[in-house]
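# Examination of the molecular architecture
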Amino acid sequence: RAQQQGRGQYQFYCPEIAAQLQERLALENELYGALERQEMRVYYQPLIDLQSGELTAVEALVRWQHPTLGLVSPAKFIPIAEANGLIVPLGEWVLRTACAQSRAWQLAGFPAMRMSVNLSARQLEQPNLVDMIRQVLAETELEPAYLELEVTESALMVELERSIDTLKQLQGLGILLALDDFGTGYSSLNYLKQFPVSLLKIDRSFVQDILSNPDSAAVSDAIIALAKSLRLSITAEGIETEEQLEYLRQRGCHEGQGFYFSRPVPAAKLTQMLESCSQQVQVA
Ligand code: C2E
Ligand code: MG
Ligand code: MG
Ligand code: MG
């Protein structure tokens with residue numbers, strides 16, 4: 001519908017864009033109270049050692065249990081929370097929840113695994129980030145070596161010098177650092193060697209068509225080779241098929257994460273998976 005705005009002037013009106021904007025505004029309004037209304041949930045997705053099949057880590061992924069919309073994907077609300085700053089309290093809540101959960105699994109006697117938590121650019125900018133994280137680890141009694149923080153290159157590039165300094169402080173605490181969605185950002189190799197990270201995560205977009213698209217295969221191969229020569233550990237995201245798993249395993253990718261192994265699940269579901277895994281180990 002084009003609305004006439006005086007002689008010869010038309011304003012273009014696109015119902016689809018308007019509807020998207022409406023949805024975003026409505027979500028943003030409700031997002032403000034969502035944490036207090038206890039509508040946020042943390043789901044956990046396993047990371048698997050591609051040689052041994054062991055569950056080595058879990059990634060904490062936030063979801064919004066909306067009263068009418070159901071489970072809302074972080075792809076919908078994380079960008080909003082990053083834009084308006086809500087990601088700062090939300091990210092802290094996810095971290096605290098994930099660390100407490102990790103400690104609870106340890107106390108229940110499950111084998112040690114890393115807890116991986118995503119950190120956004122806005123959080124990296126917070127002057128009290130390192131103190132906040134130290135405080136959360138103390139409160140939840142989780143050893144820093146079991147916590148891994150995932151950052152993207154684009155988040156680091158916002159304020160490069162300061163970000164590197166922050167990462168070094170976090171590394172100093174004994175926390176592990178991973179570069180998330182690797183291959184999609186600026187990927188300046190010059191910066192890469194300055195980041196005190198111990199792990200690269202190959203982005204899902206390359207893994208997705210690794211068998212059908214030679215370019216994706218070439219990028220994945222190159223990332224694996226790069227990680228090896230820099231002595232970094234390497235995880236592939238978004239493994240959905242046995243063939244993708246085989247391809248990556250044969251090339252020496254250390255870890256994998258994806259629907260082939262498990263979708264992100266609530267803590268109780270992961271506890272069940274851990275129970276059945278340890279039983280399998282006992283039987284073998
Ligand atoms: P990410 O950190 O790269 O997380 C991996 C995403 O890939 C997750 O999406 C996960 O569900 C999805 N995934 C894993 N395996 C597969 C697969 O085999 N197939 C497909 N199609 N997808 C797979 P999710 O949970 O929707 O999260 C999307 C993004 O939202 C995350 O990407 C991360 O950037 C952001 N996010 C999620 N939770 C948090 C959080 O607590 N804090 C921050 N700052 N960002 C978060
Ligand atoms: Mg991640
Ligand atoms: Mg990722
Ligand atoms: Mg990704």
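Look up a bit, the structure's there.
What counts, and where the lines are drawn
- Residues numbered from 1 in each chain as written.
- Chains lettered and ligands numbered in written order.
- Predicted model: local features only at pLDDT ≥ 70, side-chain atom pairs only at ≥ 80, totals over all residues.
- Heavy atoms only, no water.
- Helix = DSSP H or I, 4+ residues; strand = E, 2+ residues; numbered from the N terminus.
- Rg over C-alpha atoms; globule rule 2.2 N^0.38 Å.
- Buried < 20%, exposed > 50% of the residue type's maximum accessible area, 1.4 Å probe, protein only.
- Contact = heavy atoms within 4.5 Å.
- Areas by Shrake-Rupley, 256 points an atom, 1.4 Å probe, with all protein chains shown as cover.
- Near = heavy atom within 4 Å.
- Polar contact = N/O pair within 3.5 Å; in protein donor to acceptor, adjacent residues only side chain to side chain.
- 1 Å grid on protein atoms, 1.4 Å probe; cavity = no way out; pocket = protein on both sides within 12 Å on 5 of 7 lines; lining within 4 Å.
- Sits in = over half its atoms within 2 Å of the grid points.
- Donors = N, O, S within 2.8 Å, 3.2 Å for Na, K, Ca; no water.
- Phe/Tyr/Trp six-rings, centres within 6.5 Å; stacked < 30°, edge-to-face > 60°.
- Lys NZ or Arg CZ within 6 Å of the ring centre and 35° of its normal.
- Core = buried A, V, L, I, M, F, W, Y, C linked by side-chain atoms within 4.5 Å.

Moving on: the overall build of the chain. Across its full length, the chain carries 12 helices and 12 strands. By the compact-globule yardstick of 19 Å for 284 residues, the chain fits well, its C-alpha radius of gyration being 21 Å. In terms of overall dimensions, the chain has C-alpha extents of about 80 × 45 × 40 Å along its principal axes. Within the chain, the proportion of its 284 residues that are buried is 43%. Sequence separation of at least 24 residues holds for 65% of the intrachain contacts in the chain that already meet a minimum separation of 6. With the model as given, the accessible surface of the chain reaches about 14900 Å², and the carbon-plus-sulfur share is 51%.

Around ligand 1, the structure places 22 residues, and the nearest of them are Arg63, Asn118, Asp180, Glu240 and Phe259. Separating an oxygen atom of ligand 1 from a side-chain N or O atom of Asp180 is a distance of 2.9 Å. Compared with its free state, where it exposes 800 Å², ligand 1 has 84% of that area covered by protein. Judged by its atoms lying within 2 Å of the grid points, ligand 1 is housed in the largest pocket.

Turning to the coordination of the magnesium ion (ligand 2), a few remarks are in order. Octahedral metal centres with six donors ideally show angles of 90 or 180 degrees, and tetrahedral centres with four donors ideally show 109.5 degrees. The magnesium ion (ligand 2) binds to the protein through Glu59 (OE), Asn118 (OD1), Glu150 (OE) and Asp180 (OD), with metal-donor distances spanning 2.0 to 2.2 Å. Along the chain, the residues donating to the magnesium ion (ligand 2) are arranged with the sequence spacing E-x58-N-x31-E-x29-D. In this model, the magnesium ion (ligand 2) sits 3.6 Å from the magnesium ion (ligand 3), the two metals being bridged by Asp180. Note that Asn118 is positioned in strand β6 (residues 114-118) and Glu150 in strand β7 (residues 147-152), a separation of 32 residues in sequence. Among the residues examined, Asn118 registers a relative accessible area of 29% and is labelled partly exposed.

As a further point, take the coordination of the magnesium ion (ligand 3). Protein-derived ligands of the magnesium ion (ligand 3) are Asp180 (OD), Asp181 (OD) and Glu237 (OE), with the metal-ligand distances lying across 1.6 to 2.4 Å. Here Glu237 falls in the buried class, since its relative accessible area comes to 11%.

Here we take up the side chain of Gln106. Mapped onto the secondary structure, Gln106 falls in helix α3 (residues 87-107). On the basis of relative accessible area, Gln106 is assigned to the buried category, the value being 19%.

The next point concerns the packing of aromatic side chains. Applying the stated criterion to the full structure yields 3 aromatic pairs. Between the aromatic rings of Tyr44 and Trp105, the centroid separation amounts to 5.2 Å while the plane-to-plane angle is 80°, which identifies the pairing as edge-to-face. One end of the pair, Tyr44, is in strand β3 (residues 40-49); the other, Trp105, is in helix α3, with 61 residues separating them in the sequence. For Trp105, a relative accessible area of 3% gives the class buried. Both rings, one in Trp64 and one in Phe77, keep their centres 5.8 Å apart while their planes meet at 80°; by these two values the pair is edge-to-face. Of this pair, Trp64 sits in strand β4 (residues 55-66) while Phe77 sits in helix α2 (residues 74-84), and the two are 13 residues apart along the sequence. For Trp64, a relative accessible area of 0% corresponds to the buried category. The ring of Tyr247 is capped by Arg251, whose NZ or CZ atom sits 3.6 Å from the centre of that ring. One cation-aromatic arrangement involves Arg263 over Phe259; the distance from NZ or CZ to the ring centre is 3.9 Å.

Mapped onto the elements, Leu230 comes out in the loop between α10 (214-229) and β10 (233-236). By relative accessible area, which is 36% here, Leu230 ends up partly exposed. The sequence separation of Leu230 and Ser198 amounts to 32 residues, and the corresponding C-alpha distance is 9.3 Å.

Before going further, it helps to spend a moment on unusual backbone geometry. Unlike most non-glycine residues, Gln38 shows phi in positive territory, near 60°. Summarising the element assignment, Gln38 is placed in the loop between α1 (15-34) and β3. Judged by its relative accessible area of 62%, Gln38 is exposed. Despite not being glycine, Asp181 shows a phi value in the positive range, around 50°.

What follows is about the nonpolar core. With 76 residues, the main nonpolar core has Tyr44, Trp105, Ile133, Leu147, Leu149 and Leu248 as its most contacted residues. If one sorts the elements of this core by residue count, α3 sits on top with 7 residues. Look past the residues within four positions of Leu149 in its chain and what remains in contact with it is Leu95, Val117, Leu119, Ile133, Leu170, Ile175, Leu176, Leu177 and Ala178.

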